[in-house]
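These are the residues of each chain, in order.
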Amino acid sequence: MANSLQPGVGGATDSRSSKPDTESEFLTQVGAGAVLRGALLKLLEIRSEDPIGFLAEHFQNLAQSLENGDSGCAVEGGNKKQHQQALQEFEEQKQHSRALWHLTQAHHSQRSAFNNNVAVAFSLLSRDDRKRKPGLKGRVYTELLRRVCRDGGVAEPVSAPLIKKLRCQDHEAVPFDLFRHGVLACFVFADFVRKSRSLFETVSQSDRSLCRAVLGSLRDALETTGCSHPARYLEASAKLTPGRLAQAMDRAQTLASGTPSTLMSQEEFIEEASALIISRVKLVS
Amino acid sequence: MCDNIVACTVKTPVALQIGDVKTDTARPGVFVIDVTFPHSVNLQEISFKNYYTAFVMVRLQKVDPESPESAAQWVTCLRNRCLMPSPHTEEGSQDYFSIYRQQMLMEPDNVTSIRLILRQPSSVWLNFFLEDIKITECGTENSEKNIPSWFSNLTPEEQPMNLQAGLPDPEKVSSSIQQMWALTEVMQTNQTSARVGRFDVDGCYDINLLSYT
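Residues numbered from 1 in each chain as written. Chains lettered and ligands numbered in written order. Predicted model: local features only at pLDDT ≥ 70, side-chain atom pairs only at ≥ 80, totals over all residues. Heavy atoms only, no water.

An unreviewed UniProt entry lists chain A under the name TPGS1 polyglutamylase, from Polyodon spathula.

(A) Inspection of a nonpolar patch on the surface at higher detail. Residues and elements named next belong to chain A. On the surface, Val35, Leu36, Phe59 and Leu62 cluster together into a nonpolar patch covering about 310 Å² of accessible area. Elements supplying a minimum of two residues to the nonpolar patch: α3 (32-46) and α4 (51-72). Locating Phe59 in the fold gives a position in helix α4. Phe59 sits in the partly exposed class, given a relative accessible area of 33%. (Patch = residues over 30% accessible without salt bridge, like charges linked within 9 Å, V, L, I, M, F, W, Y side chains within 5 Å. Areas by Shrake-Rupley, 256 points an atom, 1.4 Å probe, with all protein chains shown as cover. Salt bridge = Lys/Arg side-chain N within 4 Å of Asp/Glu carboxyl O. Helix = DSSP H or I, 4+ residues; strand = E, 2+ residues; numbered from the N terminus. Buried < 20%, exposed > 50% of the residue type's maximum accessible area, 1.4 Å probe, protein only.)

(B) Structural context of the pattern of salt bridges. Across all of its chains, the model carries nine salt bridges over all chains by this definition. Through salt bridges with shared partners, a single network forms among Arg212, Glu268 and Glu272 of chain A.

(C) Spatial organisation of the state of the cysteines. Residue and element names in this part refer to chain A. Applying the stated criterion across every chain yields a total of zero disulfides over all chains. Between Cys149, a free cysteine, and Cys186, which holds the nearest cysteine sulfur, the sulfur-to-sulfur gap is 3.7 Å. Look at Cys149 and you get buried, because its relative accessible area is 1%. The exposure class assigned to Cys186 is buried, which follows from its relative accessible area of 0%. (Disulfide = S-S within 2.5 Å.)

(D) Molecular detail of the packing of helix α12 (residues 242-256) of chain A against helix α1 (residues 170-189) of chain B. Packing of α12 of chain A against α1 of chain B brings their axes to within 9 Å, and their N-to-C directions diverge by 110°. If you check the angle between α12 of chain A and α1 of chain B, you find them roughly perpendicular. Between α12 of chain A and α1 of chain B, the residues in contact are Pro242, Leu245, Ala246 and Met249 of chain A and Pro170, Glu171, Val173, Ser174 and Ile177 of chain B, respectively. Its residues assigned to classes, the contact of α12 of chain A with α1 of chain B comprises seven nonpolar, one polar and one charged. (Axes fitted to C-alpha atoms, helices over the stretch in contact; angles between N-to-C directions. Parallel < 35°, antiparallel > 145°, perpendicular 65-115°, else oblique. Contact = heavy atoms within 4.5 Å. Nonpolar A, V, L, I, M, F, W, Y, C, P; charged D, E, K, R; others polar.)

The following block contains the structure:
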């Protein structure tokens, strides 16, 4: 790059005096430093699991917002009210998508990053441009929960009981704690359904009573930790060792050896497994 | 396993010296400490912190349980226990020591009083004694805490189990189930007690607006 500049520098310095000579001058003129700094700060704030994808989307959004900023002032007169309503709905949809995108950036197990993203999403959704009623509405919250479950690969009938427990009425205001709890519950539930699906792969060829026995040991362990005494966690985990599970499955198989075997379908398995986790979610009031 | 420290009275050390204690300028080389108990005990352990004592001898006063009226006897249970390998040097001078019943010459049962005889032949040190004397009694046999039954299941059994063929892999099943259990626990511990709020719709909850029909 330096070589290619050489022939030009000596000859036509007058015409190129407006253009910077060194790389650092070029960068400051373009403002690339500030843009990159902003992008890196945002990346650190969100701590996405896919940093390259995040950066690509960030720059895309930036470009789009610059375009929109230019074209926004072009709307004048005409059917202003109708246009405004349509624009408002479009804005709402965009806000939804942005909030959802923020929430999916960090996995819920990375607690501080996830909490950060939840806070950003909450402030995004609570903003009301008309400044009449700032705060998250119940309708928006319930819709967001449904989308989180759907995007997590959970079918409607499976997630319906959970949504029923977590939902808020349309006119109600959702405080931040409740929002965080609901969103976290949906993400955890999506993970849980994924895990039960993979578990079903392992036990799919076995008898129904064996599947029931496996779920039964999970229920047993959950009931043990019900009173939240620290030693109970050790006891519950002792019940879930490979040895104990093998014994349980062996027992179930022996008991079922006389009767004709019936297989369990995936939907049934997932339904029974989800019932275990949903029963532990408190109803929102 | 027994942690029963017995209440006892430790008397002040008495110097054994030839000549008058007050006028003689030479420092004593022998101290005697008496420890008495309110009732007879079966000793488990005698522990103390040394302070520049070179040798210690332990004598016990035992009482015969069958005939309580007979005079108590003094027996030597530890003869010349060396606490400092070289009395002129620092080694062992401020260490903690324990004397267990297995190290004693006689069974330390039904003891009413202990006599600790301390000797320090070196003239280098100004004074010497034993600090922090603790006597531990033998506990009862069933002093074990109740260990839950699942405790013994924590270490896996070595012998291979006779499992039927065609069972799904227990390792995979176990890992999936454990992850599902952990997710449920996360769900459970993240319950919030926040209540849903109500939007104030321009004062429509004002009591004056309720209808009178």
